[in-house]
Amino acid sequence: MNNPEEFVITIGCDLLSAGRIEPALANFAAQSGTKLSLRRMRRVEDLPSMLAQARIVVIDLAKARDTPIPDSSDPSKKSSLLEQLFALLAVERAKAASQSSALPPVLAFGPHVETELLREAVDNGCDEVVPRSQLPAAVLELLQSQLKERFSAQPESAEAPRPRTIQDGVSALTAIVFGAIIASVLYVAYSIAPFYYYYYELQNHFDQMIPVAATETDLEIRRRLLYYVRRYELPVDEEQLQINRSGRSLSISLHYRELFLIEWDGKEYFRWEFPFYVSSEGAF
C-alpha cells in the first residue's frame, strides 16, 4: 500500500537541481506506482522529524558548504550548513543504531572538480556521493534498490491470488508503456534544459566583459570567464576561449559541445551532441 506522505528531502538544492530530480521520481512512479514528492528542509532542526517518512535525503554539497548559519550551541558563532548537517546526521545515526532502526540513505552531490568536497562527504558517512551530472541516475537507482528490498522483505500470502485476466494484463501494460513514455520525455527535457540555461548565463557574462575591457587586461577577463565555465561544469578547455583586442574593440568567442547520453548496464543506447557558440564583440 502506497504511503502518500513519503517524500525525498532536498537540502540546499536550487530549482535547477530539483528539476533534475523530478524526472527520476516520475520514472520511479511509472515503474512502481509509488508517487513521491520533493520536500525542502528549511531549518536544520526540522531534519530529525522529517527523516521518519523520507525515502532519500539529497544534499547539494557546494550550496550547503557556502551557506553560513548560526551555530545551535552558540548563536554568536556561525558555521556552514554542511558542517551542522554532518554533525546532526552523525547523532541521528547513533540514535537509529541504538534503536535497531535505519535512516533513509543520504545522497550527496557536487561539482566533479571539487574532489575534496566529495571526499569529505564520503568521510562523513553519506551513503552515496556523485558528481552533479549523475544526480538523476543516482536518485532513481536508490529508489529502485529500496523497492527491491521491500518486495524481498514481504512475507508470502497464504491466500491464493486472484487469477489475472487478459484485460488486467492489457490495462497494466498500457499504463506502464504510457508512464514510461511520459517519464522518458520528462527526463530528456530536464536533462537538456541546463545546457541552455548555462549557455544564456555565459552569454550574459561575455556581454558584461565588453564595457570593462578598458580597465581589465585580457588575462583578467579570461580568468573571470573561466571561473563561470568551471562553475557551470562546461566541457571546455582553456584554449577554446578566444579573446581578441584591436585598438578600442574587443571580441570574445567560445565553441563547445554538450553531450546527452543514455547508458544502461554499461551499454550506450543514445547519444545526442548539442553545439553551442558564445560570442560578444564591441567597442569600449
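All figures in this text were calculated on a predicted structure; none of them were measured in a lab.

## What about the overall build of the protein chain?
Working step 1: Counting secondary structure elements, the protein chain contains eight helices and ten strands.
Working step 2: Considering only contacts in the protein chain between residues 6 or more positions apart, those separated by 24 or more positions represent 62%.
Working step 3: A total accessible area of about 17200 Å² is found for the protein chain, and carbon and sulfur atoms account for 54% of it.

## A few points about the side chain of Ser79
Working step 1: By the secondary structure assignment, Ser79 is in strand 5 (residues 78–80).
Working step 2: A distance of 3.1 Å separates the side chain of Ser79 from the side chain of Gln84, its partner in a polar contact.
Working step 3: Sequence-distant contacts of Ser79, defined by excluding residues within four places in its chain, comprise Thr67, Pro68, Ile69, Asp71 and Gln84.

## Thoughts on the sheet that holds strand 8 (residues 241–246)
Working step 1: One open sheet holds the three strands; their spatial order is 8-9-10, and the pairing between them is antiparallel. If you trace the sheet from one side to the other, it starts and ends with strand 8 and strand 10 (267–283), each paired once. Across this sheet, the average inter-strand angle for adjacent strands is 10 degrees, counted without regard to direction.
Working step 2: When strand 9 (residues 249–264) meets strand 10, the two strands line up antiparallel, connected through 16 bridges. Of the residues in strand 10, the one forming a bridge with Leu254 is Val278.
Working step 3: Packed on one face of the sheet, helix 8 (residues 218–231) meets strand 8 and strand 9 and runs near 155 degrees to strand 8.

## Structural notes on helix 5 (residues 115–123)
Working step 1: When we look at burial in helix 5, the residues that qualify are Leu117, Leu118 and Ala121. When helix 5 is viewed along its axis, its buried side chains cluster within an angular range of 100 degrees and face the same direction. Of the exposed residues in helix 5, the ones pointing more than 90 degrees away from its buried face are Glu116 and Asp123.
Working step 2: Looking at the buried positions of helix 5, the neighbouring elements they touch are helix 3 (61–65), helix 4 (81–98), strand 6 (106–110) and strand 7 (128–131).
Working step 3: Positive backbone phi, at 90 degrees, marks Gly125, one or two positions downstream of helix 5.

## Quick word on the pairing of strand 9
On any regular strand, side chains alternate: one points to one face of the sheet, the next to the other face.
Working step 1: In terms of strand pairing, strand 8 meets strand 9 through six bridges, oriented antiparallel. In the strand pairing of strand 9, Gln242 is matched with Ser253.
Working step 2: In textbook terms, the turn of a hairpin is the stretch between consecutive antiparallel strands, and for strand 8 and strand 9 this stretch comprises two residues, one of which, Gly247, has a positive phi near 60 degrees.

## Side note on the packing of aromatic side chains
Working step 1: Tallying each qualifying case throughout the model produces eleven aromatic pairs.
Working step 2: Between the aromatic rings of Tyr196 and Phe274, the centroid separation amounts to 6.3 Å while the plane-to-plane angle is 85 degrees, which identifies the pairing as edge-to-face. In this pair, Tyr196 is assigned in helix 7 (residues 166–209) and Phe274 in strand 10, connecting sequence segments 78 residues apart.
Working step 3: By relative accessible area, Phe274 is classed as buried at 6%.
Working step 4: Ring centres 4.8 Å apart and planes at 20 degrees place the aromatic pair Tyr198 and Tyr232 in the stacked group. Here the residue Tyr198 occupies a position in helix 7, and Tyr232 occupies one in the loop between helix 8 and strand 8, the gap between them amounting to 34 residues.

## Points about helix 1 (residues 15–32)
Working step 1: Here helix 1 is 18 residues long and its end C-alpha atoms lie 25 Å apart, about the 26 Å a rise of 1.5 Å per residue gives.
Working step 2: Taken together, the buried positions of helix 1 are occupied by Ser17, Ala18, Gly19, Arg20, Ile21, Pro23, Ala24, Leu25 and Phe28.
Working step 3: Positive backbone phi, at 80 degrees, marks Gly33, one or two positions downstream of helix 1.

## Describing the sheet that holds strand 2 (residues 37–40)
Working step 1: One open sheet accounts for five strands, arranged 2-1-3-6-7; its pairing is parallel. This sheet does not close on itself; its edge strands, each paired only once, are strand 2 and strand 7. Recorded for the sheet is a direction-independent mean angle of 25 degrees between the axes of neighbouring strands.
Working step 2: With four bridges connecting them, strand 6 and strand 7 associate as parallel partners. Each residue of the ladder has a partner; that of Leu107, found in strand 7, is Glu128.
Working step 3: Packed onto the sheet, helix 1 meets strand 1 (7–11), strand 2, strand 3 (54–60) and strand 6 and runs at close to 145 degrees relative to strand 2.

## Concerning the environment of Val58
Working step 1: Mapping Val58 onto the fold places it in strand 3.
Working step 2: The class for Val58 is buried, based on a relative accessible area of 0%.
Working step 3: Along the chain, Val58 and Ile11 lie 47 residues apart, while their C-alpha atoms are 6.1 Å from each other.
Working step 4: Not counting residues up to four positions away in its chain, the partners in contact with Val58 are Val8, Ile9, Thr10, Ile11, Cys13, Ile21, Leu107, Phe109, Leu135 and Val139.

Calculation criteria
Once a new chain begins, its residue numbering starts again from 1 and follows that chain's sequence as written. Given that this is a predicted model, residues contribute local features only at a pLDDT of at least 70 and side-chain atom pairs are listed and counted only at 80 or more, while totals for whole chains, interfaces and linings are drawn from all residues. The side-chain values count all of the structure's non-hydrogen atoms but skip hydrogen atoms and water molecules. Only DSSP runs of H or I with at least four residues qualify as helices, and only runs of E with at least two residues qualify as strands; both kinds are numbered from the N terminus onward. Contact criterion: two residues are considered in contact whenever any of their non-hydrogen atoms come within 4.5 Å of each other. Here the open area of atoms and residues is found with the Shrake-Rupley method and a 1.4 Å probe, where only the protein chains shown may cover a residue. Identification of polar contacts relies on pairs of N or O atoms within 3.5 Å, with a donor-acceptor requirement for protein atoms, meaning one able to donate a hydrogen and the other able to accept it, and with residues adjacent in sequence counted only if both atoms are side-chain atoms. One requirement defines pairing of two strands: DSSP has to find at least two bridges between them. The axes used here are C-alpha line fits, helices contributing only the stretch in contact, and every angle between their N-to-C directions lies in the interval 0 to 180 degrees. Burial classification: accessible surface area is computed with a 1.4 Å probe over protein chains only, and a residue below 20% of its type maximum counts as buried, one above 50% as exposed, and the rest as partly exposed. Think of the arc as the fan of directions from the helix axis to the C-beta atoms. Any two rings among Phe, Tyr and Trp, with Trp reduced to its six-membered ring, count as a pair given centres within 6.5 Å; such a pair is stacked if its planes are under 30 degrees apart, edge-to-face if over 60, and tilted if neither. An expected span of 1.5 Å times one less than the residue number is assigned to each helix.

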